[in-house]
Amino acid sequence: AFYQAFYADPEGYSAQMFAEFMTGRSSLVTKANNLDFTGFATGYNGGGCCGEGSRNYDVALESLYAQIIEQGVDPNI
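Since the structure is predicted, the reported quantities are computational estimates derived from the model, not experimental observations.

A. Inspection of the packing of helix α3 (residues 26-33) against helix α4 (residues 37-45) at higher detail. Put simply, α3 and α4 touch, their axes get as near as 8 Å, and they point 150° apart. In this structure, α3 crosses over α4, and the sense of that crossing is left-handed. Contacts between α3 and α4 involve L28, K31 and A32 from the former and G39, F40, G43 and Y44 from the latter.

Below, the structure is given as structure tokens:
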């Protein structure tokens, strides 16, 4: 059932899974609201996601956020 739901609507299903993951994780919501990209990325992806020798998820998140702002998209939707 998971595969069918995901492949029918990967973007929508991913958003739903992310929303469910965030439910009850107020510390991650606070980090996101405060634009604490490193704290959020670490909380979401686990240790080793940020810093030297990592995939630098925090840097990627900050870059994507800047792109969204530059495009004039309201980040509070």
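There is more to say after this.
B. Focus on the packing of aromatic side chains. For the structure shown, the criterion picks out 7 aromatic pairs. On the basis of an interplanar angle of 55° and a centroid distance of 5.8 Å, the ring pair of F37 and Y65 is categorised as tilted. Of the two residues, F37 sits in helix α4 while Y65 sits in helix α5 (residues 57-70), which places them 28 residues apart along the sequence. Judged by its relative accessible area of 27%, Y65 is partly exposed. On the numbers, 6.0 Å between centres and 5° between planes, the contact of F40 with Y44 is stacked. Taken together, the residues span about one helical turn, with F40 and Y44 both in helix α4 at a distance of 4 residues. With relative accessibility at 11%, the residue F40 sits in the buried group. Counting every residue linked through ring pairs, the aromatic cluster contains F18, F21, F40 and Y44. Its guanidinium or amino end placed over the ring of F21, R25 lies 3.9 Å from that ring's centre, counting from NZ or CZ.

C. Representation of the environment of C50 within the structure. Its place among the elements puts C50 in the loop between α4 and α5. The residues touching C50, leaving out its near neighbours within four places in the chain, are T38, A41, T42, N56 and D58.

D. Representation of α4 within the structure. Taken residue by residue, α4 has F37, G39, F40 and A41 as its buried positions. Immediately beyond the C-terminal end of α4, within one or two residues, lies G46, with a positive phi of roughly 90°.

E. Seen up close, a nonpolar patch on the surface. Together, F2, Y3, Y7 and M17 line one region of the surface with nonpolar side chains, adding up to about 490 Å² of accessible area. Ranked by residues supplied to the nonpolar patch, first place goes to helix α1 (residues 2-8) with 3 residues. Along the chain, F2 falls in helix α1. On the basis of relative accessibility, which here comes to 40%, the residue F2 falls in the partly exposed class.

The rules behind these values
Residues numbered from 1 in each chain as written. Predicted model: local features only at pLDDT ≥ 70, side-chain atom pairs only at ≥ 80, totals over all residues. Heavy atoms only, no water. Axes fitted to C-alpha atoms, helices over the stretch in contact; angles between N-to-C directions. Helix = DSSP H or I, 4+ residues; strand = E, 2+ residues; numbered from the N terminus. Left-handed = near helix turned anticlockwise from the far one by under 90°. Contact = heavy atoms within 4.5 Å. Phe/Tyr/Trp six-rings, centres within 6.5 Å; stacked < 30°, edge-to-face > 60°. Buried < 20%, exposed > 50% of the residue type's maximum accessible area, 1.4 Å probe, protein only. Lys NZ or Arg CZ within 6 Å of the ring centre and 35° of its normal. Patch = residues over 30% accessible without salt bridge, like charges linked within 9 Å, V, L, I, M, F, W, Y side chains within 5 Å. Areas by Shrake-Rupley, 256 points an atom, 1.4 Å probe, with all protein chains shown as cover. Salt bridge = Lys/Arg side-chain N within 4 Å of Asp/Glu carboxyl O.

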